[in-house]
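Close look at the chain arrangement
Read off the chains here:
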Amino acid sequence: MDIKKFSNPQKFLLPLVVCLILLVLASLLGDYVSSRFPLSKQALVEGLLGSHPPSVFNVKDFGTVGDGITNDAPAINTLLSSISAGDSIYFPNGRYRLGQNLFPPSDSTVFGESDAAVLLPDADASAPVNHPIWIKGKNNVVVHDLQIDCQDPTIAARAAVMLTDGSSFVTIQNMYIRRCGQYAIGAGDNQKSPPYFGGLHGIQILNNRIDMTGVTYPTAIGIEVLPKGSGPYNSNPGIIVADNSVIADAASNGIKVNNQSGARITGNYVTSRGVSGSVSAINLGTSENSVISGNTVIGGISGIVVSGAIGNVPNGARNHNIILNDNIINNSSYAGIWSPDGFDGLTIHQNAILSSGTGGSGIRLNPASSNGHNFTNLIIDLNSIKGFALGIYIPEIAGLNAPGAIIRQNAITSPYALAIQASGPDIQVLQNNIIKTGTSGLQITGTRATASNNSITDSNTRGVAGQAGLIFLSGDNSLINGNVVLNSVDGPGKMDWGVVLNKTCNENLTGNSFINMRQGEVRHLNQPAECPL
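Since we're looking at a predicted model, the values are computed, not measured.

Digging into the state of the cysteines
All told, the structure shown has 1 disulfide when counted by the stated rule. The disulfide that involves Cys-150 links it to Cys-180, with 2.1 Å between the sulfurs. Linking Cys-150 and Cys-180, the disulfide has an S-S dihedral of approximately 75° and is accordingly described as right-handed. In this pair, Cys-150 is assigned in the loop between β9 (147-149) and β10 (159-164) and Cys-180 in the loop between β12 (176-178) and β13 (183-187), connecting sequence segments 30 residues apart. A relative accessible area of 0% places Cys-150 in the buried class. On the basis of relative accessible area, Cys-180 is assigned to the buried category, the value being 1%.

Written as structure tokens, this is what we have:
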């Protein structure tokens with residue numbers, strides 16, 4: 001081998017120098033491109049030309065000012081219409097005036113710098129900004145960490161965030177929404193009649209702060225989700241409404257959802273303007289397999305309402321398999337928990353229900369004469385109820401009632417009248433602790449009732465004549481055993497009778513203790529001729 005061929009270093013240096021020059025030029029070109037095209041714009045151009053990894057775009061890089069004066073909506077909507085699936089737009093600190101609605105696309109995220117990023121829809125009733133953020137027929141959208149200030153709570157038909165046209169799998173989280181005249185967050189269907197868009201599946205409304213103070217629209221609602229469709233329970237999976245704070249003020253409802261399968265309304269805090277404020281703090285309508293749990297409700301006419309067919313739900317649809325548990329309900333004037341419609345499968349468990357007044361009911365369940373529904377598979381247990389006129393009230397309406405209801409282990413203190421009044425065959429009232437009722441302890445209307453191991457202490461504090469610890473009306477074949485009815489010596493109780501049996505046959509009284517009754521232990525009224533004593 002001729003070593004001299006490879007011994008000239010200049011032959012190697014020249015290609016090396018050329019490579020170094022090319023690398024320097026490439027670096028300079030990259031710096032030039034970066035300076036002319038910031039990352040967000042460059043990413044946008046790439047998105048318009050082809051696919052790219054998800055990007056975050058700062059709205060201030062795209063013509064927004066954020067001074068509260070300039071109309072930033074056109075620039076924002078231009079950006080929203082240009083981004084690709086998976087992209088996000090970001091609002092840094094600022095006040096962004098909106099002269100028109102914003103329309104996020106599917107598979108996008110809209111977020112900001114928490115409360116410091118404020119969207120300001122024009123405070124003008126004629127302005128075309130009825131829904132500052134309008135998710136219209138889109139899916140997989142996330143909106144979080146923004147403040148929306150509608151500025152004038154008297155402007156009707158304005159919702160801060162609105163979902164329509166079948167939008168599904170949308171999350172609204174960590175928002176602060178105030179002074180919006182109709183809804184803070186609303187979801188519904190633009191169609192007034194069939195065929196409906198349907199949808200509204202998998203909606204999540206989480207950890208938002210909502211202030212409806214000052215609203216004047218008569219049906220204003222903090223959060224409403226009202227899907228429509230061909231059958232009941234159209235939202236499946238059902239909505240999750242969790243950990244929100246809602247100042248309902250005089251809005252008709254704090255939270256209202258309907259037509260759900262598997263809804264979860266949990267951990268929310270809802271306040272109203274005194275006892276004459278919202279019609280209800282939380283209202284769940286015509287749903288199945290749903291839970292209302294761990295909420296705190298203060299004020300209003302009714303705390304939690306579980307209602308039947310409301311809003312484009314087919315006739316005959318009814319609630320079933322609903323659980324209300326571990327809620328705290330204070331100072332609702334009409335009812336702490338109320339259902340105006342009968343349905344199948346309701347458990348009311350371990351709620352704390354308090355009223356400082358002498359009216360209304362802790363729990364009031366009305367069978368639905370409008371659709372012929374009883375309450376079936378009803379369990380009311382381990383609740384603490386204080387105040388009201390009636391602790392638990394289940395009247396009979398048009399022959400409808402609560403057959404087979406189980407009312408057990410509730411603590412009921414100081415109702416102005418009865419602790420428990422229930423109607424229906426086969427009702428079981430078991431192991432309840434009743435203290436200081438204004439009149440009687442419990443009253444059951446219906447055959448084959450069971451009242452067992454209840455404790456009724458110092459009742460009839462108002463001294464109404466003829467009152468009893470237990471009253472049975474038309475209670476044929478009833479079992480009354482192991483109950484204790486006590487007037488404490490020198491206590492407030494003025495109970496006349498241990499048990500009053502009115503129009504009953506074949507009752508079985510065993511093992512009861514009636515202590516210090518003013519008149520006697522057992523009283524029979526209107527004894528049927530076929531059942532002589």
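The rest of the description comes next.
Observations concerning the pattern of salt bridges
Taken as a whole, this structure holds 7 salt bridges when the rule is applied. Asp-149 is paired through a salt bridge with Arg-179; the nearest N and O atoms lie 2.7 Å apart. Pair noted here: Asp-149 is in strand β9 and Arg-179 is in the loop between β12 and β13, with a separation of 30 residues, a long-range link. Note on Asp-149: relative accessible area 2%, which makes it buried. Residue classification places Arg-179 among the partly exposed residues on the basis of a relative accessible area of 30%. Between Asp-426 and Arg-448 there is a salt bridge whose closest N-O contact spans 2.8 Å. Taken as a pair, Asp-426 in the loop between β37 (420-423) and β38 (428-430) and Arg-448 in the loop between β40 (442-445) and β41 (450-452) lie far apart in primary sequence, 22 residues in all. Using a relative accessible area of 31% as the deciding quantity, one classes Asp-426 as partly exposed. By relative accessible area, Arg-448 is classed as partly exposed at 41%.

So, the environment of Pro-403
For Pro-403, the location among the structural elements is in the loop between β34 (390-394) and β35 (406-408). The residues contacting Pro-403, other than those within four sequence positions of it, are Asn-374, Phe-375, Thr-376, Gly-424 and Pro-425.

Examining the packing of aromatic side chains
If you walk through the whole model with that rule in mind, you get 6 aromatic pairs. Judged by centre distance (5.9 Å) and plane angle (85°), the rings of Phe-57 and Phe-62 are edge-to-face. Using a relative accessible area of 1% as the deciding quantity, one classes Phe-57 as buried. Where Phe-343 meets Phe-375, the ring centres are 5.3 Å apart and the plane angle is 70°; that geometry is what we call edge-to-face. Highlighted residues: Phe-343 in the loop between β28 (335-339) and β29 (344-349) and Phe-375 in the loop between β31 (361-365) and β32 (376-381), separated in sequence by 32 residues. We classify Phe-343 as buried; its relative accessible area is 1%. Directly above the aromatic system of Trp-134 lies the positively charged group of Lys-136, at a separation of 4.7 Å from the ring centroid. Lying over the aromatic face of Tyr-416, Arg-462 brings its terminal NZ or CZ to 4.0 Å of the ring centre.

Thoughts on the pairing of β40
Pairing analysis gives 4 bridges linking β37 to β40, with the strands arranged parallel. Residue pairing in the sheet places Ala-422 in a bridge with Ile-444 of β40. Relative to strand β43 (residues 468-473), β40 runs parallel, the two being bridged by 4 bridges. Looking at the pairing, Thr-445 lines up with Leu-473 of β43.

Here's the deal with the pairing of β43
A large share of β43 lies buried, amounting to 5 of its 6 residues. Bridging between β43 and strand β46 (residues 497-502) involves 5 bridges; their strand directions are parallel. By the bridge assignment for β46, Ile-471 is matched with Val-500.

Conventions adopted
- Residues numbered from 1 in each chain as written.
- Predicted model: local features only at pLDDT ≥ 70, side-chain atom pairs only at ≥ 80, totals over all residues.
- Heavy atoms only, no water.
- Disulfide = S-S within 2.5 Å.
- Helix = DSSP H or I, 4+ residues; strand = E, 2+ residues; numbered from the N terminus.
- Buried < 20%, exposed > 50% of the residue type's maximum accessible area, 1.4 Å probe, protein only.
- Salt bridge = Lys/Arg side-chain N within 4 Å of Asp/Glu carboxyl O.
- Contact = heavy atoms within 4.5 Å.
- Phe/Tyr/Trp six-rings, centres within 6.5 Å; stacked < 30°, edge-to-face > 60°.
- Lys NZ or Arg CZ within 6 Å of the ring centre and 35° of its normal.
- Pairing = 2+ DSSP bridges.

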